[in-house]
Amino acid sequence: MALTGCGSTPPAIKPASPGAQDSLPPLKVGIALGGGAAKGFAHIGVIKILEAHGLAPMVVAGTSAGSVVGALYASGMSAFELQEKAVALDEAKIRDLQFSTSGLIVGQKLEDYVNEQVRRQPIERLPKPFVAVATRLEDGERTVFARGNTGQAVRASSSIPGVFQPVSIGRYRYVDGGVVSPVPVDAARQLGADLVIAVDISSKARGQTPSGLLGTIGQTIAIMGQKLGEAELARADIIVRPHVLDIGGADFTQRATAMLEGEKAALAVLPQIRERMAQVQTAREQAARMARQQAAEAQRQTCLEQRSRLQKLAGLAGMDGGCETP
């Protein structure tokens, strides 16, 4: 009995071939900029090298000093513009001393400086996706600021306990994000990064007695955040560690040295970055192929279920019946 000429046979549903699909979107590189006070100038050197080699980050997450650099970078500045800003920076523009039991620096000047540099754009309107990580003082909860006042979020993220006064936002007060997330790898991943480059400039407890109030506070925060930081850093694809441990947290005179160390550290890991990018891209392509195959199979199953009784008989006879095998 010949059934292939049945007029009720619908047009064959052809699964789309891989070549017919749109190519994958570009690999989204994210950067997680860690805290470290004046050591944060090293972030600029890292970004400078990444840009120079066509690896400019597309999403940015920052903690403390990293949030300052990150906000300015996300506002559309190039690495060279960041460098110019760093060289010209007058500490008096970001430091407003006020003796208080909750901290020595108010932080309003830092907030105003950042807002001026980003042209008063809120976080959600910055050209590059950006978040700043802070710690909620009432319960120690990690807080990721993804919208709202950019300068205020950076101020909260940078409010080193005992040095800066906590920042009140809404019903809560916030302090330095380094207490709970010294290098915000997870925040960068949450922004949609396919590959996260973490820049770790945090101080390490090295068996030495810190000097001065800022050194003592910095060492205390480093000890508290060290284990947390190690766990989060393990989730990064690449870790860049500029040699800035000997630069004091308040030593702005070594900003050029910090930037240079950032450049050197980034250059050293470029081969690892390219290798990891190739691995991630291969994994993305495999996942995309698998998804296309599953979609084609689901399409065929739907077709098979919708065939008429006559077509099903044709299928039992080994004929196509209008549903092509993917």
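Residues numbered from 1 in each chain as written. Predicted model: local features only at pLDDT ≥ 70, side-chain atom pairs only at ≥ 80, totals over all residues. Heavy atoms only, no water.

Caption draft 1: Quick peek at the pairing of strand β4 (residues 142–145). Burial along β4 is one-sided: Thr143 and Phe145 are buried, and none of Arg142 and Val144, which face the opposite way, are. What sits between the antiparallel neighbours strand β3 (residues 130–136) and β4 is a turn of five residues, in which Gly140 has the positive phi angle 75°. (Buried < 20%, exposed > 50% of the residue type's maximum accessible area, 1.4 Å probe, protein only. Helix = DSSP H or I, 4+ residues; strand = E, 2+ residues; numbered from the N terminus. Pairing = 2+ DSSP bridges.)

Caption draft 2: Quick peek at the confidence of the model for the protein. On average, residues of the protein score 86 in pLDDT, and 81% of them reach the 70 mark or higher. Counted against residues more than four places away or in other chains, residues 1–21, with its pLDDT under 50, gives 27 contacts. (pLDDT = per-residue confidence, 0-100. Contact = heavy atoms within 4.5 Å.)

Caption draft 3: How the structure looks around unusual backbone geometry. Phi is positive for Ser64, which is not a glycine, with a value near 55°. By secondary structure assignment, the location of Ser64 is in the loop between β2 (59–63) and α2 (65–74). A residue is classified by how much of its surface remains accessible, and Ser64, at 5% relative accessible area, is buried. The phi dihedral of Arg119 falls on the positive side, at around 60°, and the residue is not glycine. Within the secondary structure, Arg119 sits in the loop between α4 (108–117) and β3.

Caption draft 4: Representation of the packing of helix α3 (residues 79–88) against helix α8 (residues 255–306) in the model. Where α3 contacts α8, the axes come no closer than 10 Å and their chain directions differ by 155°. When the axis of α3 is compared with that of α8, the two are roughly antiparallel. Taking contact as the criterion, the partners of Gln83, Ala86 and Val87 in α3 are, on α8, Arg255, Met259 and Glu263. Grouping the amino acids of the contact of α3 with α8 by side-chain chemistry returns three nonpolar, one polar and two charged. (Axes fitted to C-alpha atoms, helices over the stretch in contact; angles between N-to-C directions. Parallel < 35°, antiparallel > 145°, perpendicular 65-115°, else oblique. Nonpolar A, V, L, I, M, F, W, Y, C, P; charged D, E, K, R; others polar.)

Caption draft 5: A look at the nonpolar core. Of all hydrophobic cores here, the largest spans 64 residues; its most connected members are Phe130 and Ile273. For this core, the element with the highest residue contribution is α8, accounting for nine residues. For Phe130, the contacting residues outside a window of four places in its chain are Val60, Gly62, Ser67, Gly70, Ala71, Ala74, Ile123, Phe145, Ala146, Val154 and Leu191. Counting residues in each nonpolar core, the second largest holds 14 residues, with Ala32, Val133, Ala193 and Leu233 among its members. (Core = buried A, V, L, I, M, F, W, Y, C linked by side-chain atoms within 4.5 Å.)

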